[in-house]
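Next come the chains, spelled out residue by residue.
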Amino acid sequence: MYGLTRAMLFTLAPEPAHRLGMSGLAALGKLPSLCQSMRERTLRQAPMDLSVELAGLRFAHPVALAAGLDKDAEAVDGLFACGFSAVEIGTVTPRPQPGNPKPRLFRLPEHRAVINRMGFNNHGAATAAGRLTGRAWKPGPLGVNIGKNKDTPIERAVDDYVACVDALAPLGDYVVVNASSPNTPGLRSLQEPEQLTALLGAVQERMAKVAPGTPLFLKIAPDLTPEAVDEVVDVALACGLSGLIATNTTITRPFEHAHAKEAGGLSGAPVRELSNAVIRRAYVRSRGTLPLIGVGGVFTAQDVYEKLRAGATVVQVYTGFIYEGPGMVGPLLRGLGALLARDGYTSVRDVVGVDAHAGLAAPTR
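The structure presented is a predicted model; accordingly, all values stated were derived computationally and were not measured. (Residues numbered from 1 in each chain as written. Predicted model: local features only at pLDDT ≥ 70, side-chain atom pairs only at ≥ 80, totals over all residues. Heavy atoms only, no water.)

Considerations on the confidence of the model for the chain
When pLDDT is low, close inspection of the predicted coordinates is not appropriate. Selection rule: Every residue is assigned a pLDDT by the predictor, reflecting its confidence on a scale from 0 to 100. A helix here means a DSSP run of H or I that spans at least four residues, while a strand means a run of E at least two residues long, and both kinds are numbered starting from the N terminus.
Of the residues in the chain, 98% have a pLDDT of 70 or more, and the chain-wide mean is 96. Taken element by element, the predicted model of the chain shows its lowest mean pLDDT in helix α1 (residues 2–9) (73) and its highest in strand β3 (residues 63–65) (99).

This is the structure:
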């Protein structure tokens, strides 16, 4: 059924198709009994216990939804109905903003990829908070991904993140500082150690007041050099961060395509190896002590498995969901269970970081 629906959606331009899809998921979310039965049917497809724990949170399985799809928290219940173990909304900014001029979203189906330069288009923290307030169904962790408004000077970026914390941190199960989108000018400079330390410190101070104990993650870029990954990990450990999300979209273009020269972040299959390399590096640098959420190029159970083996405990989906649709989680769970059983594992937890362990014996510099 989704194959037919997708074929229809793909006859539309990407952004109208996205809006139509989100409207459908939002409508689904208004049918609680159907949402629950759909979710239960999907979770039953797991052939073994695939649950994991991360930063004190329990996930029914490792496959979660990344930020970017539901920027305004309008379809949270509909997305949980699809079977994701967790849903992350955003990126949300303090004030509403329209984002960058259109067109700003491009499909590259030959490469199973998307280029976007949306520019944190969203209705602002107050709107997202209003939708999250009073949610009755909470089948899994809800993440809140926060950023700064485009017109806020980079030297005042901390104020925007703190404002988002005030509005949204008490409503989420974890918070993500997005300092890695390529579509807000200057944002990635916040990943530099001095600025990053100041930003995370300010956010943590405010979270201790308004949402004590809520885990805080940092989302990083796939384009960091190995040495820069080390620096970010060191800052995260020094600040006592709950973990990293690796990675955001890339500004590289590893292929020729009519849309390749479009500005923006590339997501999907071409980012898979970049993301895996950052995950492995971060796992080794932290000696496995810093929890990692992996994202980038996840379409198959093998893709999930590779990220777990690289060092991620939870694996997020974004572009894969656009191409594979609401029915993708069940096959991922079946396939992941089969891969674990094939290799003699009885728990997801046993496979996390196994491909990075060789690097733990050697210094990373």
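Focus on the pairing of strand β9 (residues 216–220)
Heads up, the rule is: Buried means the residue's accessible area, taken with a 1.4 Å probe over protein chains only, is under 20% of the maximum for its type, while exposed means over 50%, and partly exposed covers the values in between. Any two strands with at least two DSSP-identified bridges between them are counted as paired. With its strands directed away from the observer, a crossover is right-handed exactly when the path from the first strand over the helix to the second travels clockwise.
For β9, the tally of buried residues reaches five of five residues, placing the bulk of the element in the interior. Residues Leu216, Leu218 and Ile220 of β9 are buried on one face, and the alternating residues Phe217 and Lys219, pointing to the opposite face, are buried as well. Of the pairings in the sheet, the one linking strand β8 (residues 174–178) to β9 comprises four bridges and is parallel in character. Note that in β9 the partner of Val177 across the bridge is Leu218. In this view, the connection linking β8 to its parallel neighbour β9 by way of helix α7 (residues 193–210) has right-handed handedness. Here four bridges tie β9 to strand β10 (residues 243–246), and the two strands are oriented parallel to one another. Within β10, the position partnered with Lys219 by the bridge is Ile245.

A few points about the pattern of salt bridges
Formally: Here, a salt bridge means any Lys or Arg side-chain nitrogen found within 4 Å of an Asp or Glu carboxyl oxygen.
Tallied over the full model, the rule gives 15 salt bridges. Between Arg206 and Asp166 there is a salt bridge, and its shortest N-O distance comes to 2.6 Å. On the criterion of sequence distance, the pair formed by Arg206 in helix α7 and Asp166 in helix α6 (residues 157–168) is long-range, its members being 40 residues apart. For Arg206, a relative accessible area of 28% puts it in the partly exposed group. Judged by its relative accessible area of 36%, Asp166 falls in the partly exposed class. The salt bridge involving Arg309 is made with Asp355; its shortest N-O contact spans 2.9 Å. Separated by 46 residues along the polypeptide, Arg309 in helix α10 (residues 301–310) and Asp355 in the loop between α12 (329–342) and α13 (357–360) bring together distant segments of the chain. Here Asp355 falls in the partly exposed class, since its relative accessible area comes to 42%. Taken together, the salt bridges that share partners define one network made up of Asp230, Asp234, Arg281 and Arg285.

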